[in-house]
Amino acid sequence: MEKHVVVIYPHPDDEAFGASGTIAKFRHEGVPVTYLCGTLGEMGRNMGNPTFANRETLPEFRKKELVAACQVLDIELRMLGYRDKTIEFESRDEIAEHLKSILEEIEPSLVITHYPDHAVHPDHNALGAAAIEAVKRMDTSIRPTVWAQAISRTHQEELGSPDIVQDITPFFQKKMATILAHESQAQGVLGGMNNNMPNDDLEAIAKERLGSEQFYTWKFS
Amino acid sequence: MEAIVTEQVQDKLDSFLNKQVYVHLETTNGAYASHFDDQAYNVGAFIRNAKLIYKQARIVGTETAYRVGLKTDIGWVYAEGLSSWEVDEKKRLLMAGHDREGRLMVALQISETPFNY
């Protein structure tokens, strides 16, 4: 059993879409989980549907939604205070040291983050790379395992199949509740995934696309 | 935000004439544009808290796509595709254009005080 799991993603809702089924599974087993959330999604384009936020009020909405989502998942939340869409321009070294200091305090047995260069959004790639760098700098005696999540269209082709495949069907309701806690984003993101289904059937869209969560165990050389 | 009413926005633009203002200008089609459509390119630009003084401002256009241009001593700022606006509680002029799904595509915002980091 894991001792403590730390999830490191840049945006409020990355945890919901990316790993909330896995997080729910860990919480069900009694494992403590901490989410280190990089930004408040200040530059998000989804403003709710119908629109209820604007560029200046969006961070406040997304902060409240993030807190609510973490309550749904029953996890600890720490906000890292970076700004949306700028993480790749920050010093990789500084972010890695920042993350390392938190990881050394928590001493998790597992870290979940994005797979650098296979996570589509520049913030995902940059924070994933910084998280892996942070773990790499830790003393091997306390170094946690890293599960990296790849979502690029080419990841299977380039990386092979992920070695961790979590069937999260038993925790699907929890995952949906977590996604829906991100009210300003849920409709827009799920709607964007819609291929053939009506836009309003969010649960059907989510089940089709989000029934399993997959990760690659990072190999430190 | 409300649908733009040209005269009201023009009045607000004029209220900032010859004052030092802070401008947020942004356009984006989202970081996932080419992920969901391999024919698409990701494009975007933003500048936050550009400090300037404009001596002329005009809003032009029709109900779905207004353009706003600001003329400074040595240059211009403009945005296209604006459709919504509001003056918020800090007296800032917020203007934006959204796509059919309500996603922000363009924003032009003017304030006498800096926008939050």
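Now for a quick tour of the structure. Because the structure is a prediction, the values reported are computed rather than measured. (Residues numbered from 1 in each chain as written. Chains lettered and ligands numbered in written order. Predicted model: local features only at pLDDT ≥ 70, side-chain atom pairs only at ≥ 80, totals over all residues. Heavy atoms only, no water.)

**What about the layout of surface pockets?**
Approximately 310 Å³ is the volume found for the second largest pocket. A:K85, A:E88, A:P122, B:G44 and B:A45 are, among the 19 residues lining the second largest pocket, the residues nearest its centre. Those elements that provide at least two residues to the lining of the second largest pocket are α4 (122–136) of chain A together with β2 (20–28) and β3 (44–53) of chain B. Its residues assigned to classes, the lining of the second largest pocket comprises 7 nonpolar, 8 polar and 4 charged. (1 Å grid on protein atoms, 1.4 Å probe; cavity = no way out; pocket = protein on both sides within 12 Å on 5 of 7 lines; lining within 4 Å. Points joined across faces, edges and corners; volume = space filled by probe spheres on them. Helix = DSSP H or I, 4+ residues; strand = E, 2+ residues; numbered from the N terminus. Nonpolar A, V, L, I, M, F, W, Y, C, P; charged D, E, K, R; others polar.)

**Some words on the packing of helix α3 (residues 92–106) of chain A against α4(A)**
Residue and element names in this part refer to chain A. As a packed pair, α3 and α4 sit with axes 8 Å apart at the nearest point and diverge in direction by 55 degrees. In terms of orientation, α3 lies oblique with respect to α4. Considering the relative orientation of α3 and α4, their crossing is right-handed. For the pair formed by α3 and α4, the contact residues are R92, I95, A96, L99, K100 and L103 on the first element and A126, L127, A129, A130, A131, E133, A134 and V135 on the second. Classifying every residue of the contact of α3 with α4 by side-chain character gives 11 nonpolar, no polar and 3 charged. (Axes fitted to C-alpha atoms, helices over the stretch in contact; angles between N-to-C directions. Parallel < 35°, antiparallel > 145°, perpendicular 65-115°, else oblique. Left-handed = near helix turned anticlockwise from the far one by under 90°. Contact = heavy atoms within 4.5 Å.)

**Side note on the sheet that holds strand β5 (residues 145–149) of chain A**
All names here are of chain A. Strand order in the open sheet formed by 7 strands is β3-β2-β1-β4-β5-β7-β6, and the pairing between neighbours is mixed. Two strands close off the open sheet at either side, each with one partner strand: β3 (76–79) and β6 (164–167). Here the strands of the sheet are splayed against their neighbours by 25 degrees on average, with no regard to which way each runs. The pairing of β6 with strand β7 (residues 212–217) spans 4 bridges and is classified as antiparallel. In the strand pairing of β7, I164 is matched with F215. Strand contacts of helix α2 (residues 58–73): β2 (33–37) and β3, with the helix running at about 155 degrees to β3, the strand carrying the most contacts. (Pairing = 2+ DSSP bridges.)

**A word on the nonpolar core**
Residues and elements named next belong to chain B. One finds L13, Y54, L82, M95 and I110 to be the most contacted residues of the largest nonpolar core, which totals 23 residues. Among the elements of the structure, α1 (6–15), β2, β3, β4 (56–62), β5 (65–72), β6 (75–82), β8 (93–98) and β9 (104–111) are those that each provide at least two residues to this core. With near-sequence residues (within four places) excluded, L82 lies in contact with I4, T64, A65, Y66, V68, M95, A96, G97, V106 and L108. (Core = buried A, V, L, I, M, F, W, Y, C linked by side-chain atoms within 4.5 Å. Buried < 20%, exposed > 50% of the residue type's maximum accessible area, 1.4 Å probe, protein only.)

**Quick notes on the side chain of B:K12**
Residue and element names in this part refer to chain B. Note that K12 resides in helix α1. For the buried residue K12, which engages in no salt bridge, the nearest side chain bearing the opposite charge is E112, 6.2 Å off. A polar side-chain atom of K12 sits 3.3 Å from the main-chain carbonyl oxygen of K91. Dropping the residues within four chain positions of it, K12 is found in contact with V87, K91 and L93. (Lys, Arg positive; Asp, Glu negative; His and termini not counted. Salt bridge = Lys/Arg side-chain N within 4 Å of Asp/Glu carboxyl O. Polar contact = N/O pair within 3.5 Å; in protein donor to acceptor, adjacent residues only side chain to side chain.)

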